[in-house]
Amino acid sequence: MQGAGTRGLGVQGAGVQGAGVQGQRGARHGAAKRGAGRHGVGQPGFTARHGLLTEDQRALAGDVAELIRGDDLRTVRLAVIDQHGIPRARSLSPETAIAAMTAGLDFSGAIYGLDTGNNLFMDASGEGAGFPDVVAVPDPATYRILPWADRTGWILCDAYSASGRPVPVDGRGLLRRKLGQLADSGYEFVTGLEFEFYILKNEEITLKPENSGPAPRPPRVSVFERGYQYLSEARLDSMSQTLDAIVSVLIGLGFPPRSVEAEWGPGQVEISFAPMTGIMGGDAAALIRSAIKQVCQRLDLVATFMCRPGLPNFLPSGWHLHQSLAERRSGHNAFADPNAPLSRAGRQYVAGLLDHALPALPFAVPTVNGYRRFGLEAFTPDRVSWAVENRSALVRVQGAPNDTSSHVELRSGEPAANPYLYLASCISAGLDGMRRGLELPAPDGNGPRLPRSLAESVRNLEEDRFFRTDLGDSIVDHFLLMKQAEIKRYEKSLESASGSPDEVTDWEMREYFLA
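Conventions adopted
- Residues numbered from 1 in each chain as written.
- Predicted model: local features only at pLDDT ≥ 70, side-chain atom pairs only at ≥ 80, totals over all residues.
- Heavy atoms only, no water.
- Helix = DSSP H or I, 4+ residues; strand = E, 2+ residues; numbered from the N terminus.
- Rg over C-alpha atoms; globule rule 2.2 N^0.38 Å.
- Buried < 20%, exposed > 50% of the residue type's maximum accessible area, 1.4 Å probe, protein only.
- Contact = heavy atoms within 4.5 Å.
- Salt bridge = Lys/Arg side-chain N within 4 Å of Asp/Glu carboxyl O.
- Lys, Arg positive; Asp, Glu negative; His and termini not counted.
- Pairing = 2+ DSSP bridges.
- Disulfide = S-S within 2.5 Å.
- Patch = residues over 30% accessible without salt bridge, like charges linked within 9 Å, V, L, I, M, F, W, Y side chains within 5 Å.
- Areas by Shrake-Rupley, 256 points an atom, 1.4 Å probe, with all protein chains shown as cover.
- Expected span 1.5 Å × (residues − 1).
- Axes fitted to C-alpha atoms, helices over the stretch in contact; angles between N-to-C directions.
- Parallel < 35°, antiparallel > 145°, perpendicular 65-115°, else oblique.
- Left-handed = near helix turned anticlockwise from the far one by under 90°.
- Nonpolar A, V, L, I, M, F, W, Y, C, P; charged D, E, K, R; others polar.

Undergrad: Is there a simple way to explain the overall build of the protein chain in this structure?
TA: Looking only at helices and strands, one finds 15 helices and 17 strands in the protein chain. For 515 residues, the compact-globule estimate of 2.2 N^0.38 gives 24 Å, and the protein chain sits close to it at 22 Å. Overall, the protein chain is about 60 × 60 × 55 Å in size when its C-alpha atoms are taken along their principal axes. Looking at the protein chain as a whole, 57% of its 515 residues are labelled buried. Across the protein chain, the fraction of contacts at a sequence separation of at least 24, relative to all contacts at a separation of at least 6, is 72%.

This is the structure:
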């Protein structure tokens with residue numbers, strides 16, 4: 001990955017491997033400490049007192065402080081990724097952002113009580129009464145300049161309680177813990193992101209007050225480009241002005257797309273990225289989606305990652321998650337084999353994915369709308385199955401004997417999934433298959449049928465013991481509470497709904513189209 005975490009990230013010519021600013025490290029991190037108290041954020045000395053940053057991160061924080069000053073920024077956005085995978089941010093002055101790297105930043109804990117419609121789903125009088133602040137601690141390795149925003153920096157944060165303990169429902173913290181377990185087993189997680197999404201024209205620039213509340217009616221939209229010409233160069237070229245703007249921004253962020261394609265639906269786009277290691281896959285997914293939305297809205301367009309918009313002739317979108325493991329000592333692909341498409345470790349990993357596929361599904365497909373995709377067309381999985389180079393299988397093996405790039409593609413996900421929960425659930429399942437030495441079954445398509453509703457899928461997770469043990473009670477309980485509240489609201493909406501059960505409802509459009 002070129003430029004991830006570097007100064008300007010390509011916009012100003014920086015192109016350093018890895019976290020970038022680590023290569024510019026000096027003895028400057030004292031600069032980040034100056035004035036932490038007088039800026040009124042967090043608790044002075046919070047990160048040092050609770051040992052929240054590694055030695056590398058502490059040195060990196062000083063470098064980032066100097067970069068923020070040298071880049072002549074007006075504002076720096078500090079972002080926390082919520083339970084839906086959506087960035088929530090505060091915009092700070094540069095010096096306040098620098099102070100937050102040692103003091104932390106007071107951040108409203110109410111974000112963890114919001115459902116997909118931005119309504120509170122938790123009882124404010126219960127546990128966590130009053131929704132106390134959390135402390136957002138910037139991760140200096142994620143510092144970027146946002147290419148589309150004037151003199152604006154961006155840093156991703158981890159969430160802690162006032163006592164310095166990780167927030168139990170923070171997905172980024174969960175993924176980091178799973179990556180640590182994987183490292184203890186001698187491996188590093190390698191991720192390839194592949195999203196599908198829609199671009200539409202916004203025909204309703206003026207927002208009426210009556211349509212400005214929670215889960216609002218989506219704006220009137222029109223088709224951005226004709227569909228049903230899969231991989232058409234002409235369709236791709238007609239979208240080039242907008243796609244060029246998106247690609248330019250992603251390059252500036254340090255995530256150059258590997259490919260951009262015109263998909264089946266009208267204005268449907270697929271974008272994929274070169275392999276990323278570790279937590280970078282989750283961070284990139286969250287920032288890439290947010291960047292695409294922000295670029296499009298500045299062009300009076302709408303980008304939606306809703307799985308199946310309720311619009312005529314619109315087909316579902318998926319998130320195909322490519323994954324493999326690298327051996328930490330050698331760096332070699334642990335899934336490669338000289339005599340088979342997949343190594344023994346790779347086969348055990350896939351066996352784990354299949355064994356836990358049903359209870360893991362809500363993490364990959366967390367919305368009511370996402371289940372309208374399964375069994376709808378040939379390229380969508382219908383059952384728990386695997387195969388080599390078969391797009392209708394749940395797990396598609398991509399590789400051949402002596403192929404150093406052999407890997408697997410999980411095809412269940414929807415584009416709106418929380419990236420940290422999606423990735424963490426894969427690591428849990430795959431690593432369990434390796435620890436138990438599971439045998440991969442024959443590659444047939446007669447496995448259990450995938451659920452056709454979020455309610456059915458959530459019941460599978462609720463009855464499962466593995467993920468509760470492996471991911472932790474707190475995060476599973478919180479996730480179930482949130483999804484059960486979402487299901488109840490959806491089912492209540494059906495009492496007054498008309499039309500076929502196969503049609504996307506007005507409730508779904510209000511809930512997910514602009515999320």
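Undergrad: Looking at this model, I keep getting lost on the pattern of salt bridges. Mind explaining?
TA: Side chains bearing opposite charge may pair, as long as their charged atoms lie close to each other. In this structure the tally under the stated criterion is 27 salt bridges. Close ionic contact of Glu409 with Arg411 constitutes a salt bridge, the shortest N to O distance being 2.9 Å. Take Glu409: its relative accessible area is 0%, and that puts it in the buried class. The partner of Asp477 in a salt bridge is Arg468, and the shortest N-O contact between them spans 2.6 Å. Among the residues examined, Asp477 registers a relative accessible area of 39% and is labelled partly exposed. Residue Arg468 is classed as buried on the basis of its relative accessible area of 13%. What emerges from the salt-bridge pattern is a single network uniting Asp139, Asp158, Arg172, Arg176 and Asp283.

Undergrad: I keep staring at the side chain of Arg308 and nothing clicks. Help me out?
TA: Looking at the element boundaries, Arg308 is found in the loop between strand S13 (301-304) and strand S14 (319-327). Buried and without a salt bridge, Arg308 has Asp502 as its closest oppositely charged side chain, separated by 6.7 Å. Aside from chain neighbours lying at most four places away, what touches Arg308 is Pro316, Asn369, Arg372, Leu376, Asp502 and Val504.

Undergrad: How should the pairing of strand S8 (residues 194-202) be read in this particular structure?
TA: Both faces of the sheet carry side chains from a regular strand, because those side chains alternate between them. Counting buried residues along S8, eight of its nine residues qualify, which places the element largely inside the surrounding structure. In this sheet, strand S11 (residues 268-273) lies alongside S8 in antiparallel orientation, the contact comprising five bridges. What sits directly across from Phe197, in S11, is Val269. When S8 meets S13, the two strands line up antiparallel, connected through four bridges. Note on S13: the bridge partner recorded for Tyr198 is Thr304. Where S8 meets strand S9 (residues 221-223), three bridges bridge the pair, whose relative direction is antiparallel. Directly across from Lys201, in S9, lies its bridge partner Ser222.

Undergrad: What's the story with helix H10 (residues 357-364) in this structure? I'm lost.
TA: Since one α-helical turn is 3.6 residues long, residues separated by three or four positions face the same way. Among the eight residues in H10, seven count as buried, and that is most of the element. Among all positions in H10, only Ala357, Pro359, Ala360, Leu361, Pro362, Phe363 and Ala364 are buried. Of the surrounding secondary structure, the elements contacted by the buried residues of H10 are helix H9 (344-355), strand S17 (407-413), helix H11 (419-436), helix H12 (454-462), helix H13 (466-471) and helix H14 (473-494).

Undergrad: I'm lost on the state of the cysteines in this one. Help?
TA: Note on terminology: a disulfide is the covalent bond linking the sulfur atoms of two cysteines. A complete count under the given rule lists zero disulfides for this structure. Counting only cysteine sulfurs, Cys307 is the nearest neighbor of Cys296, a cysteine outside any disulfide, at a range of 18 Å.

Undergrad: Hey, could you run me through a nonpolar patch on the surface in this one?
TA: A cluster of nonpolar side chains, namely Tyr228, Tyr230, Leu231, Trp264 and Phe379, defines an oily patch on the protein surface of about 480 Å² accessible area. Its place among the elements puts Tyr230 in the loop between S9 and helix H6 (233-238). Judged by its relative accessible area of 34%, Tyr230 falls in the partly exposed class.

Undergrad: Before we go on, may I ask you to explain the pairing of S17 in this structure?
TA: S17 sits mainly inside the fold: seven of its seven residues count as buried. Bridge analysis of S14 against S17 gives four bridges, and the strand direction is antiparallel. Counterpart to Trp319 in the pairing with S17 is Gly413. Looking at chain direction, strand S16 (residues 395-398) and S17 are connected through four bridges and run antiparallel. Counterpart to Val397 in the pairing with S17 is Val408.

Undergrad: Got a minute to help me understand unusual backbone geometry in this structure?
TA: Peptide bonds are, in most cases, trans, and in most cases residues other than glycine have a negative phi. Residue Asp72 is not a glycine yet carries a positive backbone phi of 55°. For Asp72, the position within the fold is in the loop between helix H3 (55-70) and strand S1 (75-81). On the accessibility criterion, Asp72 (49% relative accessible area) is partly exposed. Phi is positive for Asn402, which is not a glycine, with a value near 65°.

Undergrad: I'm lost on helix H7 (residues 240-253) in this one. Help?
TA: If you check H7, its first and last C-alpha atoms are 19 Å apart, about what 14 residues at 1.5 Å a residue would give, namely 20 Å. Gly254, located one to two residues past H7, shows a positive phi value of around 95°.

Undergrad: Whenever I open this one, the packing of helix H5 (residues 171-184) against H11 confuses me. Can you help?
TA: For any two helices packed against each other, one specifies the inter-axial angle together with the distance between the axes. Packing of H5 against H11 leaves a shortest axis separation of 9 Å and a crossing angle of 25°. The angle between the axes of H5 and H11 places the two elements in the roughly parallel class. Considering the relative orientation of H5 and H11, their crossing is left-handed. Taken together, the residues of H11 that come into contact with H5 (itself represented by Gly171, Arg172, Leu174, Leu175, Lys178, Leu179, Gln181 and Leu182) are Tyr420, Leu421, Leu423, Ala424, Ile427, Ser428, Leu431 and Arg435.

Undergrad: Whenever I open this one, the packing of H10 against H12 confuses me. Can you help?
TA: In the contact formed by H10 and H12, the axes pass within 7 Å of each other and the chain directions differ by 120°. By the criterion of interaxial angle, the relationship of H10 to H12 is oblique. When you trace H10 past H12, the crossing you get is left-handed. Listed contacts from H12 to Leu358, Pro359, Leu361, Pro362 and Phe363 of H10 are Ser457, Val458, Asn460 and Leu461. Among the residues forming the contact of H10 with H12, the class breakdown is seven nonpolar, two polar and no charged.

Geometric descriptors of this kind do not, in isolation, establish any biological role.
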